[in-house]
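Chain by chain, the residues run as shown.
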Amino acid sequence: MFLINCPYCGERDQSEFSAGGEAHIVRPKQPTELSDGQWAEFLFMRKNIKGVQLERWNHAHGCRKWFNMVRDTSNDKIHAVYKMGEKPPIK
Amino acid sequence: MSKNLRIANSKFIDQTSRISFKFDGKTLYGFKGDTLASALLANDIHLVGRSFKYHRPRGIMSCGSEEPNAIVQLGNDPSMTEPNTRATEIELYEGLEASSQNCWPSVNFDIGAVNNFFSPLIPAAFYYKTFMWPANFWKLYEYFIRKSAGLGKSPTQPDKDIYDHRYIHCDVLIVGGGISGVMAAKTAAKNNLNTVLIDDKNILGGTTLFQQNESFKINNSYSNDWLKKEIESLNSLKNLTIKTRTSLAAYHGYNYLLARENLTDHLNINEKKDKIRQRLWKIRAEKVIIATGAIERPLIFNNNDRPGIILSSSIKKYIDYYGVKCGQKISLFTNNDSAYETAISLNNSGVIVNSVVDIRDKTNSLMVKQAEKLGIKIHWKSTVVNTNGYKKINSIEIMKLSDDGVAVIGKKIKEECDCLGISGGWTPRVHLFTQSGGKLKFRDEDNVFIPDKSELNQISIGSCNGDFELDEVIKNSLNSTNKFLNVDNNDYKNLEIISSKEIDKKNIWLLPSDKPMGKTKPFLDFQNDSTANDIKLALREGFKSIEHVKRYTTTGMATDQGKLSNMHALGIIAETAGVKMGELGTTTFRPPYTPLTFGAIVGRNVGEFFDITRKTPIHDCHVEKKAEFENVGQWKRAWYYPKKNEDMHDAVQRESKAARDSAGILDASTLGKIDIQGSDASEFLNRVYTNAWSKLEIGKCRYGLMLNEDGMVYDDGVTTRLGENHYLMTTTTGGAANVLSKLEDYLQTEWPELDVYLTSVTDQYATVSICGPNSKKILSKIIPDLNLSDDEFPHMSYKNGLIDNIKCRVMRISFTGEHSYEINIQSSYGKSVWEKCFEAGKEFNITPYGTETMHLLRAEKGFIIAGQDTDGTMTPVDLQMNWIVSKKKFDFIGKRSLYRSDTIREDRKQLVGLLTDDPKEVLEEGAQIVAETNKKPIEMLGHVTSSYYSPNLKKSIALAVVKNGKKLKGQKMFVPMKNKTINVTITDTVFLDKENKRLNA
Ligand SMILES: [Zn+2]
């Protein structure tokens, strides 16, 4: 059970949060101009890395804010959390 | 007691308070302080069960949580009985009743024991190999296997006991209250750290608590006396919490741990009453110190499983702690020094020690010399090649080992005994360390895995860290603790420690016998009944990975997770395969460390507390009207309102007819309501719904369909424009929370530039819906100053009104196709508005209707229910709702997906209506639809999604999804059921009032 440092609330138990998959997948600005293949890339393709991964998390039972997290999936170590719209602090 | 197996000198057993208990129906006596196991042994009962596969008699083998054999069923009431408890951990109480578990019909006469004589026919994976084919015979086999294996019996009634959950946050958690744990706790607490010390026994002290031996002294006192004073000194420490009878079950990441505290399991039935039985502690610790000690290993030799063969250290605990002799003529068999400590204890208590059989050539440690001085006979460089005695050991056979240790030589000596203590060395209890993700390293000199690297803020100290000698335990524990806690505790600086040191080490994983291997039974996993031979067979059959061998032979797969067997399994695999044990790796220990009761896991979340129940503000009115309720998510919704003698069908037919003929009333408060405000609110709706919103006038309502990004229908509902920048969105009852989350997600992550604020107001408003040709008249009685003319207040518009001076919003919208109004008012007035509508509607026979009638009425009109007629694979086009998809809008959620090659396919499953040839025949929802009846295999073209008997149309109607359905209108289809085939015709989805005349009736 992680201890997650919500950028708005501070450290809270994992049970207050929900995970939202891979981060930094930007919704295309002009979807109609994309081929089926390009749209499918956005829609379906997600990485599943063993190691450091950038993820979206939501403080669902707290401030309800979405934020991003740098997490090592091999040992669950959370290296950093940062707000939506910000660049990842480490890579 | 036939024999006197109890000695009087135990300090831990209260021999003045006798306790009576029952085992296998026989009344026996023990004392306060006993475990069930120690009391049984005091009554000379060793035989407690049968082995899993061969049904061999098995006896108590240990004194703790690692016990593989003494697994008993607690309680005699089949409704409340508890299976799979360990007799070594059950504290004796007055009236306790227990029985052997793994035997049928009784422990002394066991039908399955015949397996033992056929045992060459039951090799590794016998069950997999034999009973898996033919596959459909498994249910026959399983019945017999289960019955004769007797895997314990489940209680038949709900658990009446109370369980609890609580949280602890602490600076330091110490797991294990042996000597190193006690010293660490004192160090931490004295340095102002908020400290918690837990131990699974009823008192602290571990094995040092009863270690009274010349070879182990601290500051001139026996180690036990010294430790006792240390434990007493803990009482004065204010920031130390001690929890005994508390077993650590799981160690998760981020130092999150679960521990189970037994509060009443040791009390008698009267004392237990109305008390919390077990409490699960959820612990978040800044730092964790693991001090869980070590488990003694058995030795693996022929027939090493007979009742009366007990771990040597357990024999010591039974005599020194419980005052119980495990036998009167005890032999010991060892590869290390610790059996000598047992020999000395037995000797001091007047028990005859026949001899110590030691596989080592010779050794001269302090303790061995002490034993020799007492005249204890030692067979050096020898092994036990066989044991005799069916239900209890009566003799052992000893032979000399060859120099290389792989064979036996010389003459066989037979030694009579009634108990054999075995010691194969020690295995650090690294279970919690590995559960937490820690990596182990292998120490070659004594073949142990010890903690290496961990990502967490934790250390292991004492023998769980591989320190087995008293002086090392003390010194290393202190150093590690001081460093880890960053403190300097001087209390223990100048301790004078006398500690016997083990000088010579020797290990043979599988001890040789004078018989060929195939004729021997060297047991490895006592609980799952697998032998060293099974492991060798698995290797011969090509298994290499320890994880595979483990599953194939089931070694280490029982409820004890191989606490005794794993190291030997690894050793034998390494030896046979010719690899180093360290390279082989080890299997993973998973939580819980010992089995947890379901009660402890669920705590208070049972019955009505299992989940939240949401009730509308009008709920009491429905109860009063004798409504039946259905669960919709967490909501209780009125389903139908049966009158006297009515069943569901009758009630729904009556309600449906009343709603169309005169007036119906529905509690729609559960619909999700989201208040949307901000200067970009219109743009936001444009992006989340498929249709256009910018031109919606203030005061008007519009139906919207929401898609997922993959183009599939997600939710629907009516949204009302309350002001220039203000909307009220409604969602389905079940979808409310998810829709809000989804919208928030888009707002926060994709479109942060939009000035929009979302607020859930589902609970803030009650919604009363009245429908039918008389609804207008009823509303005019309640809000007389509202102009209800169709020009002033047309369909799909809203007005503010006042009911008794309370503001309300009235929407003229319809889910039934009837002229209808929805009154939204602050929740607290919901009930009064409902009652007012009733009063006003009396002259029109206003009829309350539930969700079932609502579903029927909307189906007559062909309106979909998202989640019933859609299943996440339906696009708006599939639903034949092209009209709601804006062609002009540049983008909305899911738009691009509507033009994918798969979504534009013409032959997708599409929503259609179905009429049965026999108008009385009502289809089953979920029934399959086919085009032909006599072809095999037959293609399933679709299924029925909604089906009802319509009292208004006097025929059965249904909605269905059918492949290429749009083009099949008028076609005959078939619905094959178990006993008949129903003929149907594909139709339009709208069955009633295609011209929508009733909306303005
Ligand atoms: Zn937060």
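Residues numbered from 1 in each chain as written. Chains lettered and ligands numbered in written order. Predicted model: local features only at pLDDT ≥ 70, side-chain atom pairs only at ≥ 80, totals over all residues. Heavy atoms only, no water.

## Comments concerning the overall build of chain A
Turning to step 1, where the next piece is worked out: If you tally the helices and strands in chain A, you get one helix and six strands.
Turning to step 2, where the next piece is worked out: For chain A, the N- to C-terminal ordering of α and β elements is β-β-β-α-β-β-β.
Turning to step 3, where the next piece is worked out: Taking the principal axes of the C-alpha coordinates as reference, chain A spans close to 45 × 30 × 25 Å.
Turning to step 4, where the next piece is worked out: Out of the 91 residues in chain A, the part that is buried amounts to 35%.
Turning to step 5, where the next piece is worked out: Considering only contacts within chain A whose residues lie at least 6 apart along the sequence, 43% involve residues at least 24 apart.
Turning to step 6, where the next piece is worked out: Surface summary for chain A: the accessible area is close to 5,300 Å², and the carbon and sulfur share equals 49%.
Turning to step 7, where the next piece is worked out: Within chain A, the 11 negative side-chain charges are centred at a point lying 4 Å from the centre of the 14 positive side-chain charges. (Helix = DSSP H or I, 4+ residues; strand = E, 2+ residues; numbered from the N terminus. Buried < 20%, exposed > 50% of the residue type's maximum accessible area, 1.4 Å probe, protein only. Contact = heavy atoms within 4.5 Å. Areas by Shrake-Rupley, 256 points an atom, 1.4 Å probe, with all protein chains shown as cover. Lys, Arg positive; Asp, Glu negative; His and termini not counted. Charge placed at Lys NZ, Arg CZ, Asp CG, Glu CD.)

## Some words on the confidence of the model for chain B
Where the model shows low pLDDT, its predicted coordinates should not be examined in detail.
Turning to step 1, where the next piece is worked out: When pLDDT is averaged along chain B, the result is 93, and 95% of the positions lie at 70 or above.
Turning to step 2, where the next piece is worked out: For this predicted complex, the interface confidence comes out at an ipTM of 0.97, alongside a pTM of 0.89. (pLDDT = per-residue confidence, 0-100.)

## Topic: the packing of helix H19 (residues 648-661) of chain B against helix H24 (residues 851-860) of chain B
Residues and elements named next belong to chain B.
Turning to step 1, where the next piece is worked out: H24 packs onto H19 with a crossing angle of 55° between their chain directions and a minimal axis gap of 9 Å. Regarding the angle of H19 to H24, the classification is oblique. You can see that H19 and H24 cross each other, and the crossing is right-handed. Judged by residue contacts, Met648, Val652, Gln653, Glu655, Ser656, Ala659 and Arg660 of H19 engage Glu852, Thr853, Leu856, Leu857 and Glu860 from H24.
Turning to step 2, where the next piece is worked out: Its residues placed into classes, the contact of H19 with H24 shows five nonpolar, three polar and four charged. (Axes fitted to C-alpha atoms, helices over the stretch in contact; angles between N-to-C directions. Parallel < 35°, antiparallel > 145°, perpendicular 65-115°, else oblique. Left-handed = near helix turned anticlockwise from the far one by under 90°. Nonpolar A, V, L, I, M, F, W, Y, C, P; charged D, E, K, R; others polar.)

## A short note on the coordination of the zinc ion
Reference values for coordination geometry: four tetrahedral donors around a metal ideally subtend 109.5 degrees, six octahedral donors ideally subtend 90 or 180 degrees.
Residues and elements named next belong to chain A.
Turning to step 1, where the next piece is worked out: Taken together, Cys6 (SG), Cys9 (SG), His59 (ND1) and Cys63 (SG) make up the protein donors of the zinc ion, found 2.0 to 2.3 Å from the metal.
Turning to step 2, where the next piece is worked out: Each of the four donor atoms around the zinc ion contributes to a set of angles spanning 104 to 114°, which defines the coordination as tetrahedral.
Turning to step 3, where the next piece is worked out: Written as a sequence motif, the donor arrangement for the zinc ion is C-x2-C-x49-H-x3-C. With a gap of 50 residues between them, Cys9 in the loop between strand S1 (3-6) and strand S2 (10-13) and His59 in the loop between strand S4 (52-58) and strand S5 (66-72) connect regions that are remote in the sequence.
Turning to step 4, where the next piece is worked out: Taking relative accessible area as the criterion, His59 reaches 1% and is therefore assigned buried. (Donors = N, O, S within 2.8 Å, 3.2 Å for Na, K, Ca; no water. Tetrahedral: all angles 85-135°; square planar, octahedral: opposite > 155°, others 65-115°.)

## Side note on the side chain of B:Ser331
Residues and elements named next belong to chain B.
Turning to step 1, where the next piece is worked out: Among the structural elements, Ser331 can be located in strand S18 (residues 329-334).
Turning to step 2, where the next piece is worked out: Relative accessible area serves as the criterion here: at 0%, Ser331 is assigned to the buried category.
Turning to step 3, where the next piece is worked out: Only 2.7 Å separates the side chain of Ser331 from the side chain of Glu415, close enough to count as a polar contact.
Turning to step 4, where the next piece is worked out: Not counting residues up to four positions away in its chain, the partners in contact with Ser331 are Asn354, Ser355, Ile396, Glu415, Cys417, Cys419, Leu420 and Gly421. (Polar contact = N/O pair within 3.5 Å; in protein donor to acceptor, adjacent residues only side chain to side chain.)

## Structural notes on the interface of chain A and chain B
Turning to step 1, where the next piece is worked out: Contacts between the two partners involve 28 residues from chain A, matched on the other side by 28 residues from chain B.
Turning to step 2, where the next piece is worked out: Looking at the side of chain A facing chain B, the largest losses of area belong to A:Met1, A:Arg27 and A:Arg64, adding up to 29% of the total buried there.
Turning to step 3, where the next piece is worked out: The interface formed by chain A and chain B contains six salt bridges.
Turning to step 4, where the next piece is worked out: Here B:Arg284 ties to A:Asp13 by a salt bridge, and the two come within 2.7 Å at their closest N and O atoms.
Turning to step 5, where the next piece is worked out: Across the chain A-chain B interface, the total number found is 19 residue pairs in polar contact (both at pLDDT 80 or more).
Turning to step 6, where the next piece is worked out: For the side of chain A that touches chain B, the secondary structure elements donating two or more residues are helix H1 (36-44) and strand S6 (77-83) of chain A.
Turning to step 7, where the next piece is worked out: By residue number, the principal contributor to the side of chain A that touches chain B is H1(A), which donates five residues.
Turning to step 8, where the next piece is worked out: For the side of chain A that touches chain B, a count of residues per class yields 14 nonpolar, five polar and nine charged. (Buried area = accessible area lost by both parts, 1.4 Å probe. Salt bridge = Lys/Arg side-chain N within 4 Å of Asp/Glu carboxyl O.)

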